[in-house]
Amino acid sequence: MSTTATAELLTVPEVMARLRLGRSTVYDLIRSRRLVSIPVGRSRRVPADALRDFINHEIEEAA
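Keep in mind the model is a prediction, meaning the values are calculated, not measured. (Residues numbered from 1 in each chain as written. Predicted model: local features only at pLDDT ≥ 70, side-chain atom pairs only at ≥ 80, totals over all residues. Heavy atoms only, no water.)

Asks: Just give me the short version of the side chain of Ser37, but keep the residues and values in it.
Replies: Relative to the helices and strands, Ser37 resides in the loop between α3 (23–31) and β2 (38–40). Taking the relative accessible area as the measure of exposure, Ser37 reaches 17% and is therefore buried. Here Arg44 takes part through its side chain, which lies 3.4 Å from a polar atom of the side chain of Ser37. Each residue touching Ser37, except ones within four places of it in the same chain, is listed here: Ile30, Arg44, Arg45, Val46 and Pro47. (Helix = DSSP H or I, 4+ residues; strand = E, 2+ residues; numbered from the N terminus. Buried < 20%, exposed > 50% of the residue type's maximum accessible area, 1.4 Å probe, protein only. Polar contact = N/O pair within 3.5 Å; in protein donor to acceptor, adjacent residues only side chain to side chain. Contact = heavy atoms within 4.5 Å.)

Asks: Give a detailed account of the environment of Val15, specifying residues and quantitative values.
Replies: As for its placement among the helices and strands, Val15 is situated in helix α2 (residues 12–19). Taking C-alpha positions, Val15 is 7.6 Å from Val46, a pair spaced 31 residues apart along the chain. Once residues lying within four places of it in the same chain are set aside, the contact partners of Val15 are Leu10, Arg20, Val26, Leu35, Val46 and Leu51.

Asks: So what's going on with the sheet that holds β2? Which residues, and what values?
Replies: The sheet built from three strands is open, its strands ordered β1-β3-β2 with antiparallel pairing. Only two strands of the sheet have a single neighbouring strand rather than two, namely β1 (9–11) and β2. Within the sheet, the average angular offset between the axes of one strand and its neighbour, ignoring direction, is 50 degrees. One ladder, built from three bridges, connects β1 with strand β3 (residues 43–47); its direction is antiparallel. Looking at β3, one finds that Leu9 is bridged to Pro47. Contacts from helix α4 (residues 48–62) reach β1 and β3 within the one sheet, and its direction differs from that of β3 by about 65 degrees. (Pairing = 2+ DSSP bridges. Axes fitted to C-alpha atoms, helices over the stretch in contact; angles between N-to-C directions.)

Asks: An account of the packing of α2 against α4 is needed here, citing residue identities and associated values.
Replies: If you want to describe how two helices pack, look at the angle between their axes and the distance between the axes. The interhelical angle for the contact between α2 and α4, taken along N-to-C directions, is 30 degrees, at an axis separation of 12 Å. Between α2 and α4, the angle falls in the class roughly parallel. Regarding α2 and α4, the two cross each other, and that crossing is right-handed. Here Val15, Arg18 and Leu19 of α2 lie close against α4, whose contacting residues are Leu51, Phe54 and Ile55. Split by residue class, the contact of α2 with α4 holds five nonpolar, no polar and one charged. (Parallel < 35°, antiparallel > 145°, perpendicular 65-115°, else oblique. Left-handed = near helix turned anticlockwise from the far one by under 90°. Nonpolar A, V, L, I, M, F, W, Y, C, P; charged D, E, K, R; others polar.)

As far as function goes, none of this settles anything; it's purely spatial.
Pasting the structure below:
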């Protein structure tokens, strides 16, 4: 996997920091499929594009 591809996959703690949410809330978003993630071994990774899409969707819903 190239460094660009690795940089585009965020860990749950990185998503937590960007959204300023707790671990269980982020996993709830993933479980409910509101936030797209992919399995990598025993871990979950969130594509940076999916996080941007989630944020944009939430902004539109709030408007």
